[in-house]
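Next come the chains, spelled out residue by residue.
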Amino acid sequence: MTMTDDPATHMDSASHMGRPRLRREDPELLTGEAQFIDDMSLHGEVWVGIVRSTEAHATILGVDGSAALEIDGVTEVLSGADLAPLWGEGALPCAWPVTDDMRNPAHLPVATSVAKYVGDAVAVVLADSRYAAADGAAAVSVDYDPLPAVVDVEAAVADGAPLVHEDLGTNESYTWPLIPNPEAVEEAFSNAAHVVSERYVQQRLIPAPMEPRGVIAAPGVASGELTLYSATQIPHILKVMTAVTLGIPEHKIRVVAPSVGGGFGCKLNVYAEEILCSALAMDRGVPVRWTESRSEAATATIQGRGQVQHIELAADDTGRVQAVRVKLLADMGAYLQLVTPGVPLLGGFLYHGCYDIAHYSFECTSVFTNKTPTDAYRGAGRPEATYAIERAMDSLAVAVGVTPEEIRSRNFIAADAFPYESCAGLIFDSGDYQAVLDKAVEMAGLEGVRATQAQRRADGSSRQIGIGFSSYVEMCGLAPSRVLASLNYGAGGWEAATVRVLPTAKVQVITGSTPHGQGHETSWSMIVADKLGIDPDDVEVLHSDTAISPTGLDTYGSRSLSVGGTAVFMATDKVLDKARLIAAHQLEANEDDLEYVDGAFQVKGTPTAAAPFAAIAFAAFTAHDLPDGMEPNLEAHVTYDPPNFTFPNGTHIAVVEVDTDTGDVGIVDYVAVDDCGNQVNPMIVEGQVHGGVLQGAAQALYEDAVYTEDGQIVTVNLGDYLVPSAAEAPVYRVASHVTPSPTNPMGVKGIGEAGTIAATPAVINAVVDALRPMGVTDMAMPASPQTVWRAINEAQGGAS
Amino acid sequence: MESITLAVNGTERNLEVEPRTLLVHALRDDLRLTGTNIGCDSSSCGACTVLVDGQSVKSCTMFAVQADGADVTTIEGVADSDGTMHPMQQAFHEHHALQCGYCTPGMVMAAISLVEEYPDLDDQGVRHGLEGNLCRCTGYQNIVNAVLAVAGSGSEGSES
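Residues numbered from 1 in each chain as written. Chains lettered and ligands numbered in written order. Predicted model: local features only at pLDDT ≥ 70, side-chain atom pairs only at ≥ 80, totals over all residues. Heavy atoms only, no water.

**Q** What's the story with the packing of aromatic side chains in this structure? I'm lost.
**A** Aromatic ring pairs are reported here in terms of the distance separating the ring centres and the angle at which the planes meet. All names here are of chain A. Applying the stated rule across the entire model yields 14 aromatic pairs over all chains. Between Phe618 and Phe621, the aromatic rings sit 5.8 Å apart at their centres with planes inclined by 50°, giving tilted as the arrangement. Highlighted residues: Phe618 and Phe621, both in helix 18 (residues 613–622), separated by 3 residues, approximately one helical turn. The exposure class assigned to Phe621 is partly exposed, which follows from its relative accessible area of 42%. Cluster of aromatic residues (ring-pair linked, three or more members): Trp176, Phe349, Tyr351 and Phe362. Sitting above the plane of the Tyr271 ring, Arg213 keeps its charged end 3.5 Å from the centroid. Directly above the aromatic system of Tyr707 lies the positively charged group of Lys371, at a separation of 5.7 Å from the ring centroid. (Phe/Tyr/Trp six-rings, centres within 6.5 Å; stacked < 30°, edge-to-face > 60°. Helix = DSSP H or I, 4+ residues; strand = E, 2+ residues; numbered from the N terminus. Buried < 20%, exposed > 50% of the residue type's maximum accessible area, 1.4 Å probe, protein only. Lys NZ or Arg CZ within 6 Å of the ring centre and 35° of its normal.)

**Q** Looking at this model, I keep getting lost on the nonpolar core. Mind explaining?
**A** Nonpolar side chains in soluble globular proteins generally cluster together in the buried interior. Counting residues in hydrophobic clusters, the biggest one holds 224 residues, and the most contacted among them are A:Val48, A:Ile311, A:Leu313, A:Phe428, A:Met779, B:Phe92 and B:Val147. When residues in this core are grouped by element, the largest group, 12 residues, is from helix 20 (residues 754–771) of chain A. In contact with A:Phe428, not counting residues within four places along its chain, are A:Leu350, A:His352, A:Gly353, A:Ile413, A:Phe418, A:Pro419, A:Tyr420, A:Ser422, A:Tyr433, A:Val473 and A:Phe647. If you look at the next biggest cluster of nonpolar residues, it comprises 45 residues, including A:Ala584, A:Leu594, A:Phe601 and A:Ile616. (Core = buried A, V, L, I, M, F, W, Y, C linked by side-chain atoms within 4.5 Å. Contact = heavy atoms within 4.5 Å.)

**Q** Mind showing me how you'd approach the sheet that holds strand 4 (residues 114–115) of chain A here?
**A** In a beta sheet, neighbouring strands are held together by backbone hydrogen bonds and run either parallel or antiparallel to one another. All names here are of chain A. Strand order in the open sheet made by the 3 strands is 4-2-6, with antiparallel pairing throughout. Sheet topology places strand 4 and strand 6 (141–146) at the edges, where each strand pairs with a single neighbour. As paired elements, strand 2 (residues 58–64) and strand 6 share 6 bridges and run antiparallel to each other. Along strand 6, the bridge assignment pairs Val63 with Val142. (Pairing = 2+ DSSP bridges.)

**Q** Honestly, the interface of chain A and chain B in this entry has me stumped. Any pointers?
**A** Accessible area lost upon the coming together of the parts serves often as the stated size of an interface. Each partner contributes to the interface: chain A provides 65 residues, whereas chain B provides 54 residues. For the pair chain A and chain B, the summed buried surface comes to about 4900 Å²; carbon and sulfur atoms form 54% of the total. The tally of links between chain A and chain B comes to 5 salt bridges. Salt-bridge contacts for B:Arg136 lead to A:Glu703; the nearest nitrogen and oxygen are separated by 2.6 Å. Inspection of the chain A/chain B interface yields 26 residue pairs in polar contact (both at pLDDT 80 or more). Secondary structure elements with two or more residues in the side of chain A that touches chain B: helix 1 (26–31), helix 4 (130–139), helix 9 (294–300), helix 19 (682–701) and strand 28 (732–736) of chain A. (Buried area = accessible area lost by both parts, 1.4 Å probe. Salt bridge = Lys/Arg side-chain N within 4 Å of Asp/Glu carboxyl O. Polar contact = N/O pair within 3.5 Å; in protein donor to acceptor, adjacent residues only side chain to side chain.)

As structure tokens, then:
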């Protein structure tokens, strides 16, 4: 195991926290014992096959299931109209109506009259096997009358554009401004010595967790109960939304997320298939299941990004930025999924990046197109914001005539400025951005790389070197509930935890945070074990089943440790508070005279008089001799609502080599220095950075959900959609710099999205840096060999 | 339906399958060996990798009838009978080479086969040898380290 060079934490008294610990989750995943959704099987289950629109926009004239019904094993073919009574007025939920006048068209699980994107469900086949369901879906004939489709987000707002939703009279869903002082912004631009004005395109991305989605809905015919198994990040939210959408009483619904094979935001949703299978199961009285194929996932699961960004910086003659102005066009796709409209807002507070900029203007217009809905994808709004400001800062550096690191240093929020109120109205918790950048520069050996770069340039080499910086800050720990209220989000941002001490002094932790690869079981057990002075292996962590963990708000937005972990931390404190009272009673001492050392309460200065944790646990269970009025058992529940976001930050440096003959780009070095606050398990932190960086670099170089002009998707499988393999992946050199967050008692911030946020602009800035002497000043994503070659050729005055 | 016989993880199994049944579906649905996962439908991701007569095969690229008479080893069959994990499984654990774990069984099977075939692997050899197996979580570095540890060729990694 290679570790960070500075896993420094400020938890010196702890015996587990802050040190790498191998994951308890691993053995069952390594041996095949883990149960993913498609591994499950219920007696009498019925398979669903879904007929999906092959048209981007079309009236559905008819659904002919006769050929499908000839197939052995196919039992029913149902059109959207056939199914409509199952959900009545219920439509798929959007929980984030960001403005009061936001347009949100009714979104049925299966379309009844008009298909609005390729992949839109238009009919359903029921069958007795996986193969029969697939055969049946392929055999259904749908008669379409094509309508004009609008695919490009800028074309969608042009006069005379075809309308995705005719009844709305417009393709605009909402406009959301954040302009605290418009006059000051105008003044800054009129007085600026340097103005940078850029347009960037955030291509759509397919999240592509390795496990596709899947659903099994099991009805209790006599009880009226529904058990919904789903490969989801959000069993708790899904339970509420299923109740609301289908009118099933919430207390009759249990949602279980089995082992979940990655999510990256795309399993943070309430999907048509979850509602469809639930409705059919309750109606037919049999388990109903569906497993997504990879090709289906390209259009049936949300996509990420999809924005056109206009960013302007107004700077003085030294390059100090006085104002940032952003206009955003955000592609919603055909419908609003669970948090679709909110994604641009999550970036909308962060377009000034980690810089001390006085004035801010952000306006987002979100529009419908005839494509798969977008929604949260790793970073959700913050990668887009970071990309824009970090690319623009490089352009400013060129305009001012200083290095990328110098322009950043001149503009960083100073280390002594925290807590810092940003121009967008956030209170940044802690950080030392200059120290982080300095560390990254040192690790990258910048001087030596620049010398190599200069030599290659002087030699006119066809292998040009580029160095790309990305300094980022993100808002994590979603979220203070009152802030969410001010943003019109439909729920709170708290998290719940229960710590239950069993009679034999083993401990159960119940968390409302729902892991799908992040290692919560290992990390949570470390937190509890350290506080109780016991072995982490004596702590079991339970989650992801609403019958076991009834209260929670699940996993997204790098919130698990800073919100969910804090709830666990605080619940353990409550357990200790009660244990202290029992110990004082047992020792006939004043509770204030007790200290907890190595798993036992002792009277200060009298270590011989001790009440070990095990004895307290058993005493709490027998209840034979507890203090007067005390309830038996030792268990505490905490719901923690964070007082603020947390603000992880860092600087990443990518070094690329560009083959100027072919346009091929290789990442030859990658340095990441991140400040995620204190670390519970540095091994897990480092793993999150690795994976995040590759996902961000993949947006820069490889991935693109490609649509034709008439709305056909080209990249439907992993042969066409280029998720990078080990052969493309760089070696990551990772370090950390710790400024504990004052927001929560552990001083933690979050690391799940940092790599993805930082890497995309670092890599593209590096590509542009490599080619700037050839006249290249911009680079579209993904920077494929063809795109890079064309950019070089155009800059050299050749044909594109 | 066709009758076939497979020796799966050392046990002879007789199956009735449709001629078009993929090996991965025979393993998962008929034999209930669900450790082998399915990640795509274009033989791109490698999540379904198993060993057929000792060679790594994406079990979605092969019909079950094509494996008639073969020895098939799945992830369920690589640990010792006492539960001790295979050295490759153990190395993945010790190097934090998995997160969500969905690609892991296929990745482990491909890695076992790779190391057996090329005992003198270096970093690039591992990376190219595993390029048919996709992982979305780890960024691959810890996977490469785990495989190199088993291959005995040293390691790579972060600074210091």
